[in-house]
Amino acid sequence: MVETLGIYRRLAFARVRADWQYRGPFIGYTITQGLISVLDFVQIAVIFGRVSSLQGWSVAEVAFLYGTSSVAFHIGDVFVSEVEFAPKRIRLGTFDSLLVRPMGAMVQLCADEFAFRRAGKLVQAVAILVWAMAAVSVAWTPARVGVFVMMLVAGTAIFGSIWVITSSLTFWMIEAGEVMNSFTYGSAFATEYPMVVFGRWLRRLFTFVVPAAFVNYYPALFVLGKSDRLGGPSWRRFASPFVAVVMVLLASFVWRLALRHYRSTGS
Amino acid sequence: MRLFWEVARRAFRRFSTYRSATFAGVFTNTVFGFIQAAILTAVFRQRATVGSFDVRDAVTFVFVSQGFLVVMGAFSGHLTLAERIVSGDVVTDLYRPVDLQLFELASDVGRAGFQCTVRAVVPLLCGGLAFDLRLPSAPRLWLLFAVSVALGIVTSFGHRFLVTLTTFWTLDYRAASQMATVVAMFFSGFAIPIVFFPDWLERFSRLLPYVGFAQIPIEILLGKLHGLDLVAALASQVAWAVVLLVLGRWVLARATHRVVVQGG
């Protein structure tokens, strides 16, 4: 494990160094990524320019949801979303080279495609989150801080697992990979807003099928001291770590299944 | 003209072969449509109208715009030509006895034409099953909508062509392309209808070419534009299409002076 991490670090660092050879585009791209996500939040700002609250959620509270969702999503994006490249490599026939090396395919893939420039988005997400935490009227008790930290960790694990599971499923549908955007980017988009704005079917989808609601909505109810207008059981507020563990186990199972299913084109 | 038609037809057929990709795209657009429609519906629980839009207008806007995202190339700020500029293959494009800009335009029109069929229609149908949409029965509005969409496609091509040409100088199109994607996404109304913007920002957005990608065509479809406003909107689309195409020609002429063929 330690050895693997060491190799991962060296491979990922090599990738960053390689990108750094083209300094201009690298810096440009990192900055653009940051700017992109600023426009992302502007969308929420535009909405709150028109209304003072959304289903009982103030702008600061929605910003808190946005911040926690984006921080978790973008940490996952920096470190794990590289598995997205698996179908592309399968199509090009370069996936095999990962399998013949004495190391997990996932670690190699994530290190090989490691894209530090994506961290540009993380900066903006953290900034929004810090602002939101100051703006919400919440007494930061130890319990609240604990749940808050837990939601970031669990949220990252949940988003990371969604990346791995959806990418694994594309092994069976190489050409239709875009479907998976509905679950990855779709759940990131949906969790920027409180679940109460959604109809019953979308809420069920994001609670039971793609459990993105556990990334931030349920724990945020506790942290912000809000009542669930949907009347869900109160234990859901603390269920995120369990959901995260289940998702990680499921992700590692599905990934292994996909690898076993994989047949090289052999040409 | 004949060549233009043949290139466009082949691009149409090329894209029609990617069936599972088309299905995947339709699925994703529909899911995002539902999420976005729910968010905007929540806004209308607090107030009856935003600008000239009521909730039915907004939800209709969402499902029409989801269908036209890919038609307008909203996910990619560049053309695949950019990759050929990086690799140097563009020289073979340049010494063909056809106009490069027209050739690329034809192929993009063919692509957009195909995507106007399945990808534009299915999300709208799915949205129609779940929501009460406001689609006009007057053929006149559909016809004007089609004209406006066609102008939008040409304008969007003109924009992406210019972004693509920057590759001749930068040799890396990703940053420029991403930036262009986001700016276009935001100011076109694809991210959120621009009637939601504060007034000053809405006025500013209407001066840019991007409103022609979604806001103008869909406002026409919803019957929001009448008389002189309608004429002015279409005229601005024509003007932008011409300006961007002419600019593209000029930049292309300058760029080709820079092409250096390696080896040989």
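Criteria and thresholds
Residues numbered from 1 in each chain as written. Chains lettered and ligands numbered in written order. Predicted model: local features only at pLDDT ≥ 70, side-chain atom pairs only at ≥ 80, totals over all residues. Helix = DSSP H or I, 4+ residues; strand = E, 2+ residues; numbered from the N terminus. Buried ≥ 20, exposed ≤ 12 C-beta atoms within 10 Å, placed from the backbone. Contact = placed C-beta atoms within 7 Å. Rg over C-alpha atoms; globule rule 2.2 N^0.38 Å. Axes fitted to C-alpha atoms, helices over the stretch in contact; angles between N-to-C directions. Parallel < 35°, antiparallel > 145°, perpendicular 65-115°, else oblique. Left-handed = near helix turned anticlockwise from the far one by under 90°. Nonpolar A, V, L, I, M, F, W, Y, C, P; charged D, E, K, R; others polar. Core = buried A, V, L, I, M, F, W, Y, C linked by C-beta atoms within 7 Å. Expected span 1.5 Å × (residues − 1). Arc of directions from axis to C-beta. pLDDT = per-residue confidence, 0-100.

The helix and strand tally for chain A stands at twelve helices and zero strands. Starting at the N terminus and ending at the C terminus, chain A contains elements arranged as α-α-α-α-α-α-α-α-α-α-α-α. Taken along the three principal axes of its C-alpha coordinates, chain A extends 60 × 40 × 35 Å. Counting only residues that meet the buried cut, chain A has 44% of its 267 residues in that class. Across chain A, contacts joining residues at least 24 apart in sequence account for 81% of those joining residues at least 6 apart.

Further remarks concern the overall build of chain B. Within chain B, the regular secondary structure consists of 13 helices and zero strands. The order of α-helices and β-strands along chain B, N terminus first, is α-α-α-α-α-α-α-α-α-α-α-α-α. For 264 residues, the compact-globule estimate of 2.2 N^0.38 gives 18 Å, and the C-alpha radius of gyration of chain B, at 19 Å, lies within 12% of that figure. Reported as C-alpha extents along the three principal axes, the dimensions of chain B are approximately 65 × 40 × 35 Å. Taking all contacts inside chain B whose residues are at least 6 apart in sequence as the whole, residues at least 24 apart take part in 81%.

Before going further, it helps to spend a moment on the packing of helix 2 (residues 19–46) of chain B against helix 7 (residues 118–130) of chain B. Residue and element names in this part refer to chain B. One way to put it is that helix 2 packs onto helix 7 with a least axis distance of 9 Å and a crossing angle of 40°. In terms of orientation, helix 2 lies oblique with respect to helix 7. Here helix 2 runs over helix 7; the crossing is right-handed. Taking contact as the criterion, the partners of Thr22, Gly25, Val26, Asn29, Thr30, Gly33 and Ala37 in helix 2 are, on helix 7, Val118, Arg119, Val122, Pro123, Cys126 and Gly127. Along the lines of polarity and charge, the residues of the contact of helix 2 with helix 7 split into six nonpolar, six polar and one charged.

Here we take up unusual backbone geometry. All names here are of chain A. At glutamine 55, a residue that is not glycine, the phi angle is positive and equals roughly 50°. Tracing the backbone shows glutamine 55 in the loop between helix 2 (23–50) and helix 3 (59–79). The exposure class of glutamine 55 is partly exposed, given the 17 C-beta atoms found within 10 Å.

With that settled, consider the interface of chain B and chain A. Every contact between the two is made by 31 residues of chain B and, on the other side, 32 residues of chain A. Considering every element that reaches the side of chain B that touches chain A, the biggest residue donor is helix 2 of chain B, with 16 residues.

The next point concerns the nonpolar core. Ranked by size, the top nonpolar core spans 155 residues in total, and within it A:Val62 and A:Ile158 carry the most contacts. Apart from the residues within four sequence positions on either side, A:Ile158 is in contact with A:Pro211, A:Ala212, A:Phe214, A:Val215, A:Val243, A:Ala244 and A:Met247.

Another aspect to go through is the packing of helix 3 of chain A against helix 8 (residues 142–169) of chain A. Residues and elements named next belong to chain A. Contact geometry for helix 3 and helix 8: axes closest at 8 Å, N-to-C directions at 50°. Regarding the angle of helix 3 to helix 8, the classification is oblique. At the point where helix 3 passes helix 8, the crossing takes the right-handed sense. Between helix 3, through Thr68, Val71, Ala72, Phe73, Ile75 and Gly76, and helix 8, the contact on the second element is made entirely by Met151, Leu152, Gly155, Thr156, Phe159, Gly160 and Trp163. Its residues placed into classes, the contact of helix 3 with helix 8 shows eight nonpolar, five polar and no charged.

Now for the environment of B:Leu3. Relative to the helices and strands, B:Leu3 resides in helix 1 (residues 2–16). Between the C-alpha atoms of B:Leu3 and B:Val98, which are 95 residues apart in sequence, the distance is 8.8 Å.

The subject of this paragraph is helix 10 (residues 174–188) of chain B. The end-to-end C-alpha separation of helix 10 of chain B is 21 Å, in line with the 21 Å expected for 15 residues at 1.5 Å each. With respect to burial, helix 10 of chain B is a largely interior element, twelve of its 15 residues being buried. Among all positions in helix 10 of chain B, only B:Ala175, B:Ala176, B:Ser177, B:Gln178, B:Ala180, B:Thr181, B:Val182, B:Ala184, B:Met185, B:Phe186, B:Phe187 and B:Ser188 are buried. Considering only its buried residues, helix 10 of chain B is in contact with helix 2 of chain A together with helix 8 (139–165), helix 9 (167–170), helix 11 (199–205) and helix 12 (215–221) of chain B.

This part takes up the environment of B:Thr181. Residues and elements named next belong to chain B. With respect to the helices and strands, the residue threonine 181 is situated in helix 10. Taking C-alpha positions, threonine 181 is 21 Å from alanine 239, a pair spaced 58 residues apart along the chain. Ignoring any residue separated from it by four or fewer positions in sequence, one finds threonine 181 in contact with Ala74, Phe75, Ser76 and Gly77.

This next bit is on helix 12 (residues 240–261) of chain A. All names here are of chain A. With 22 residues, helix 12 ought to run about 32 Å at 1.5 Å a step, and its terminal C-alpha atoms sit 31 Å apart, in line with that. Three or more residues of helix 12 are buried, namely Ser240, Val243, Ala244, Met247, Ala251, Trp255 and Ala258. End-on, the buried residues of helix 12 take up no more than an arc of 100°, which puts them together on one face. Summarising the geometry of helix 12, the exposed residues directed more than 90 degrees from the buried face are Phe242, Leu249, Phe253, Arg256 and Arg260. In this structure, the buried residues of helix 12 make contact with helix 6 (105–112), helix 8 and helix 11 (217–223).

Turning our eyes to something else, we now look at the confidence of the model for chain B. Per-residue pLDDT for chain B averages 91, and the proportion of residues at 70 or more is 98%. Here the prediction assigns the complex a pTM of 0.91, and the interface score ipTM is 0.89.

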